[in-house]
Amino acid sequence: MTNKQTAIKVIKRLSRNGFQALLAGGCVRDMLLRRPASDYDVATNAQPDDVIKLFRRTLKVGAKFGVVIILLEDKQVEVATFRTEAGYADGRHPSVVKFTGAAEDAGRRDFTINGMFYDPVKEKVIDYVDGRADLKKGLIRTIGKAKERFNEDYLRMLRAVRFSTQLGFAIEPTTWSAICSNAKKITKISGERIAIELEAILVNPNRSVGASMLTKSGLAKAIFPGFAKKYSEFAANVLDQLRKKVDFALALASLFAGCPTEFACQRCQILKLSRSRNKHIKFLLTNRGKLLDDQMALSRLKMVLAGPYFQDLYELQRAIQKARPDGAEGITALTRLRKKIRDLGDVELRPKPLLNGHDLIRLGAAPGPGLGQLAQEMYIAQLEGKLQTPAQARQWAQTWLQKHKIVQK
Ligand code: ATP
Ligand code: MG
């Protein structure tokens, strides 16, 4: 069974038991647009206790706010009781919810295109908020007064940019001007939540349009203090040059392509990303320009190639060159690099060192930082092809030890 079929099964069981139950929100929008929906949510006038009684396996984590998760077959369906919300003191979470009917539930939703219901039994769209008209016009418009709706929950400003990017819809002028005048307040939203929306915007193929909206609205500067106009203009050009499908780390590095690395990495801290993601971004930004160096040592090239981020670094550099008016020379350098890599053939990029630490100590090296330096220099010589056998490596190490005098006493 698909997610949709499972949700419909839930709806039919609720209906048979005398409740009103409908598909709600994003999935209705996506069905009308004939795009695949990410999840199928159910809204109902049944109270959480009623829902729990009707299904054998449920998760009650959000029951207080009217949300019950139903486990059916191998799927999960979110069933939410029609509700209104009030008292958003923190600019994000309602402090009071009240169970109501479908029309009022539509009114608490963010945008008209997200505020529709669908009755799969009668095969009818139920639209209290003129969502269908805006879907036809390709418009993102808040339900109710834009200023008020954003002041309840500032995250909605980023959601507007996200939906506009993903759907290729324009943001309706009053909604847009409310975003621009409230952009600074986005800092009330946690870095983690901002990151989720930013990721959805930047991994989308339409990312450069999304990034321009973030800049023009003032959201980009509010999220990343000091993100100057010259940075954002270059960012949009670089984002425009990336291939369609990219990882969030590459997209973020591209957003910061015109900024100093330290500035960019500090700003990324705001998003509370994982350590590996931060490392990925830092690698890409630190190594900007390095692939253009025709003189790059073979050992260094092999190390970069063997690392996990080479493809992304190449892609970032290619996009940067294409975004720069004087980037043609760099493109030629990248093409030369590709050829050099092809010529390397099947050579192993990260071979095992010819000698390990124990071998070096046995040759008389004293344990300590000197030993690390010896091992590293020897490995570079190995990658350069200067050392090919353990015997050659032993001789090379002995010469090195005599020269550096770090032998055991
Ligand atoms: P996606 O395809 O990305 O899942 P979606 O529209 O389904 O988009 P969700 O975040 O899954 O978005 O939320 C489901 C529905 O809940 C939305 O369509 C909207 O009606 C409502 N909603 C979600 N977040 C908010 C919010 N911050 N304020 C008001 N309504 C919201
Ligand atoms: Mg959804």
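Quick summary incoming for the structure in this document.

**Let's talk about the site of ligand 1**
Inference 1: Surveying the vicinity of ligand 1 reveals 17 residues, the closest of which are Arg29, Asn114, Asp153, Arg156 and Arg162.
Inference 2: A distance of 2.8 Å separates an oxygen atom of ligand 1 from a polar side-chain atom of Arg29.
Inference 3: Asp110 places a polar main-chain atom, nitrogen or oxygen, 3.2 Å from a nitrogen atom of ligand 1.
Inference 4: Taken by itself ligand 1 offers 580 Å² of open surface, and the protein chains cover 78% of this.
Inference 5: Among the elements of the structure, helix H2 (26-32) and helix H7 (155-167) are those that each provide at least two residues to the shell around ligand 1.
Inference 6: Split into classes, the residues belonging to the shell around ligand 1 amount to 1 nonpolar, 4 polar and 12 charged.

**Overview of unusual backbone geometry**
Inference 1: With a phi angle near 55°, Arg34 is a residue other than glycine that sits in the positive phi range.
Inference 2: Tracing the chain through its elements places Arg34 in the loop between H2 and strand S2 (41-44).
Inference 3: By relative accessible area, which is 78% here, Arg34 ends up exposed.
Inference 4: One non-glycine residue, Glu123, lies in the positive phi region at around 55°.

**Concerning the packing of aromatic side chains**
Inference 1: Per the counting criterion, the structure on display carries 10 aromatic pairs.
Inference 2: Between Phe227 and Tyr231, the aromatic rings sit 6.2 Å apart at their centres with planes inclined by 50°, giving tilted as the arrangement.
Inference 3: With a relative accessible area of 14%, Tyr231 lands in the buried category.
Inference 4: Centre to centre, the rings of Phe227 and Phe256 are 5.7 Å apart; their planes meet at 90°, and the pair counts as edge-to-face. You can see Phe227 sitting in the loop between helix H11 (219-223) and helix H12 (229-241) and its partner Phe256 sitting in the loop between helix H13 (248-255) and helix H14 (261-269), a full 29 residues away along the chain. Summarising the burial analysis for this pair, Phe227 and Phe256 share the class buried.

**Description of the pairing of strand S6 (residues 83-86)**
Inference 1: In S6, alternate side chains face the same way, and those of Arg83 and Glu85 are buried while those of Thr84 and Ala86 on the opposite face are not.
Inference 2: Where S6 meets strand S7 (residues 96-99), 4 bridges bridge the pair, whose relative direction is antiparallel. Paired with Glu85 across the bridge in S7 is Val97.

**Thoughts on empty space enclosed by the protein**
Inference 1: Under the definition given, this model contains 1 cavity of 30 Å³ or more.
Inference 2: Estimated volume of the largest cavity: approximately 50 Å³.
Inference 3: Taken together, Leu198, Ala211, Leu214, Thr215, Ala220, Ile223, Phe224, Phe227 and Leu255 make up the lining of the largest cavity.
Inference 4: Here the lining of the largest cavity gets 3 residues from one element, more than from any other, and that element is helix H10 (residues 207-217).
Inference 5: By residue class, the composition of the lining of the largest cavity is 8 nonpolar, 1 polar and no charged.

**Some points on the packing of H12 against helix H17 (residues 310-323)**
Inference 1: H17 packs onto H12 with a crossing angle of 120° between their chain directions and a minimal axis gap of 8 Å. Relative to H17, the element H12 lies oblique. At the point where H12 passes H17, the crossing takes the right-handed sense. Of the residues in H17, those touching H12 at Phe234, Asn237, Val238 and Gln241 are Glu315, Leu316, Arg318, Ala319, Ile320, Lys322 and Ala323.
Inference 2: Each residue belonging to the contact of H12 with H17 can be placed in one class, and the counts come to 6 nonpolar, 2 polar and 3 charged.

**Some thoughts on the sheet that holds strand S9 (residues 124-126)**
Inference 1: Here 7 strands make up an open sheet; going across it, the order is S3-S4-S5-S2-S1-S8-S9 and the pairing mixed. The outermost strands of the open sheet, each flanked by one partner alone, are strand S3 (58-62) and S9. Between one strand and the next, the sheet's axes are offset by a mean angle of 35°, whatever the strand orientation.
Inference 2: For strand S1 (residues 21-24) and S2, the ladder comprises 4 bridges, and the chain directions are antiparallel. Within the sheet, the bridge partner assigned to Ala21 lies in S2 and is Thr44.

**Here's the deal with the packing of helix H20 (residues 369-383) against helix H21 (residues 390-404)**
Inference 1: Axis separation between H20 and H21 bottoms out at 11 Å; the angle between their running directions is 135°. Judged by the inter-axis angle, H20 sits oblique to H21. H21 is crossed by H20, and the crossing has right-handed handedness. Residues Gly370, Gln373, Leu374, Glu377, Met378 and Ala381 of H20 pack against Ala393, Trp396, Ala397, Trp400 and Leu401 of H21.
Inference 2: Considered class by class, the residues forming the contact of H20 with H21 number 8 nonpolar, 2 polar and 1 charged.

**A word on the pattern of salt bridges**
Inference 1: If you walk through the whole model with that rule in mind, you get 26 salt bridges.
Inference 2: Between Asp153 and Arg92 there is a salt bridge whose closest N-O contact spans 2.6 Å. With Asp153 in the loop between helix H6 (146-152) and H7 and Arg92 in the loop between S6 and S7, the pair connects residues that are 61 residues apart, well separated along the chain.
Inference 3: Judged by its relative accessible area of 6%, Asp153 falls in the buried class.
Inference 4: Among the ionic pairs, Asp127 bridges to Arg132, the shortest N-O distance being 3.9 Å.
Inference 5: Shared partners join several salt bridges into a network, and the residues in it are Arg92, Arg149, Glu152, Asp153 and Arg156.

Analysis parameters
- Residues numbered from 1 in each chain as written.
- Chains lettered and ligands numbered in written order.
- Predicted model: local features only at pLDDT ≥ 70, side-chain atom pairs only at ≥ 80, totals over all residues.
- Heavy atoms only, no water.
- Near = heavy atom within 4 Å.
- Polar contact = N/O pair within 3.5 Å; in protein donor to acceptor, adjacent residues only side chain to side chain.
- Areas by Shrake-Rupley, 256 points an atom, 1.4 Å probe, with all protein chains shown as cover.
- Helix = DSSP H or I, 4+ residues; strand = E, 2+ residues; numbered from the N terminus.
- Nonpolar A, V, L, I, M, F, W, Y, C, P; charged D, E, K, R; others polar.
- Buried < 20%, exposed > 50% of the residue type's maximum accessible area, 1.4 Å probe, protein only.
- Phe/Tyr/Trp six-rings, centres within 6.5 Å; stacked < 30°, edge-to-face > 60°.
- Pairing = 2+ DSSP bridges.
- 1 Å grid on protein atoms, 1.4 Å probe; cavity = no way out; pocket = protein on both sides within 12 Å on 5 of 7 lines; lining within 4 Å.
- Points joined across faces, edges and corners; volume = space filled by probe spheres on them.
- Axes fitted to C-alpha atoms, helices over the stretch in contact; angles between N-to-C directions.
- Parallel < 35°, antiparallel > 145°, perpendicular 65-115°, else oblique.
- Left-handed = near helix turned anticlockwise from the far one by under 90°.
- Contact = heavy atoms within 4.5 Å.
- Salt bridge = Lys/Arg side-chain N within 4 Å of Asp/Glu carboxyl O.

Structural measurements only, silent on function.
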